[in-house]
Amino acid sequence: MCYEMLTGSVPFSGDNATVVMNQHLTTAPGLPSKLNPSIPTNIEAIIMKSIRKDPKERYQSAELFINDLKNYKELDVSNFPTKTEKVTGVVTSRQIWVLSGLIALGFIVITGVIVLIGLLGRH
């Protein structure tokens, strides 16, 4: 949300939800300063840290995020993650449907087992 507020654009966009989801999984977002050069370097570092793909590289609490925003002028961003984001291969629409189907099948099997146990428990 901060990215969009500062740039007037979302970090990922596309024709449908599948395209956007694929970008979230496979594409590193562009630097906010490319869209709005007036964004201070430290604010940009905070935003980029908050949307890192690896959860361990993001803020671990809202309190830490807010504290950095409040003190951005004095913030030492030299210890922020700077390495290029590791992104996975392209996820196809078919892969998403197959995974969704497997998850649904798993729920159906679990539900069936629970019902079967319930029926056998009555006898």
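Quick note: structure is the one above.
Definitions and limits used
- Residues numbered from 1 in each chain as written.
- Predicted model: local features only at pLDDT ≥ 70, side-chain atom pairs only at ≥ 80, totals over all residues.
- Heavy atoms only, no water.
- Phe/Tyr/Trp six-rings, centres within 6.5 Å; stacked < 30°, edge-to-face > 60°.
- Lys NZ or Arg CZ within 6 Å of the ring centre and 35° of its normal.
- Patch = residues over 30% accessible without salt bridge, like charges linked within 9 Å, V, L, I, M, F, W, Y side chains within 5 Å.
- Areas by Shrake-Rupley, 256 points an atom, 1.4 Å probe, with all protein chains shown as cover.
- Salt bridge = Lys/Arg side-chain N within 4 Å of Asp/Glu carboxyl O.
- Helix = DSSP H or I, 4+ residues; strand = E, 2+ residues; numbered from the N terminus.
- Buried < 20%, exposed > 50% of the residue type's maximum accessible area, 1.4 Å probe, protein only.
- Contact = heavy atoms within 4.5 Å.
- Polar contact = N/O pair within 3.5 Å; in protein donor to acceptor, adjacent residues only side chain to side chain.
- Lys, Arg positive; Asp, Glu negative; His and termini not counted.
- Axes fitted to C-alpha atoms, helices over the stretch in contact; angles between N-to-C directions.
- Parallel < 35°, antiparallel > 145°, perpendicular 65-115°, else oblique.
- Left-handed = near helix turned anticlockwise from the far one by under 90°.
- Nonpolar A, V, L, I, M, F, W, Y, C, P; charged D, E, K, R; others polar.

(A) Focus on the packing of aromatic side chains. Tallied over the entire structure, the rule returns 1 aromatic pair. Look at tyrosine 59 and phenylalanine 65: their rings are 5.3 Å apart centre to centre, the planes differ by 70°, and that puts the pair in the edge-to-face class. Taking the ring centre of tyrosine 59 as reference, the NZ or CZ of lysine 49 above it sits at 4.4 Å.

(B) Seen up close, a nonpolar patch on the surface. Together, Val98, Leu102, Leu105, Val109, Val113 and Ile117 give the surface a local cluster of nonpolar side chains, amounting to about 550 Å² of exposed area. Structurally, the position occupied by isoleucine 117 is in helix H6 (residues 93-122).

(C) Expanded view of helix H4 (residues 41-50). For H4, a buried count of 8 out of 10 residues is recorded, marking the element as mostly surrounded by other parts of the structure. Buried within H4 we find Asn42, Ile43, Glu44, Ala45, Ile46, Ile47, Met48 and Lys49. At its buried positions, H4 is contacted by helix H1 (2-7), helix H3 (32-35) and helix H5 (62-70).

(D) How the structure looks around the side chain of glutamate 57. Locating glutamate 57 in the fold gives a position in the loop between H4 and H5. A polar side-chain atom of glutamate 57 sits 2.8 Å from a polar atom in the side chain of arginine 52.

(E) Looking closely at the environment of serine 38. Inspection of the secondary structure puts serine 38 in the loop between H3 and H4. For the pair serine 38 and threonine 7, spaced 31 residues apart in sequence, the C-alpha separation works out to 9.8 Å. Side-chain polar atoms of serine 38 contact the side chain of asparagine 36, separated by 2.6 Å.

(F) Summary view of the side chain of aspartate 68. With respect to the secondary-structure elements, aspartate 68 resides in helix H5. Here aspartate 68 occupies a buried position and makes no salt bridge, while the nearest side chain of opposite charge, lysine 49, is found at 4.8 Å. If we skip the residues at most four places from it in the chain, aspartate 68 touches Ile46, Tyr59, Leu75 and Phe80.

(G) Layout of the pattern of salt bridges. Counted by the stated rule, this structure contains 1 salt bridge. Put simply, arginine 52 and glutamate 57 hold a salt bridge, and the shortest N to O gap is 2.8 Å. Residue glutamate 57 is classed as buried on the basis of its relative accessible area, which comes to 16%.

(H) Broad picture of the packing of H4 against H5. Where H4 contacts H5, the two axes come as close as 10 Å, and the packing angle between them is 165°. Judged by the angle between their axes, H4 and H5 are roughly antiparallel. Where H4 crosses over H5, the handedness of that crossing is left-handed. Contacts between H4 and H5 involve Ile43, Ile46 and Ser50 from the former and Phe65, Asp68 and Leu69 from the latter. Split into classes, the residues belonging to the contact of H4 with H5 amount to 4 nonpolar, 1 polar and 1 charged.

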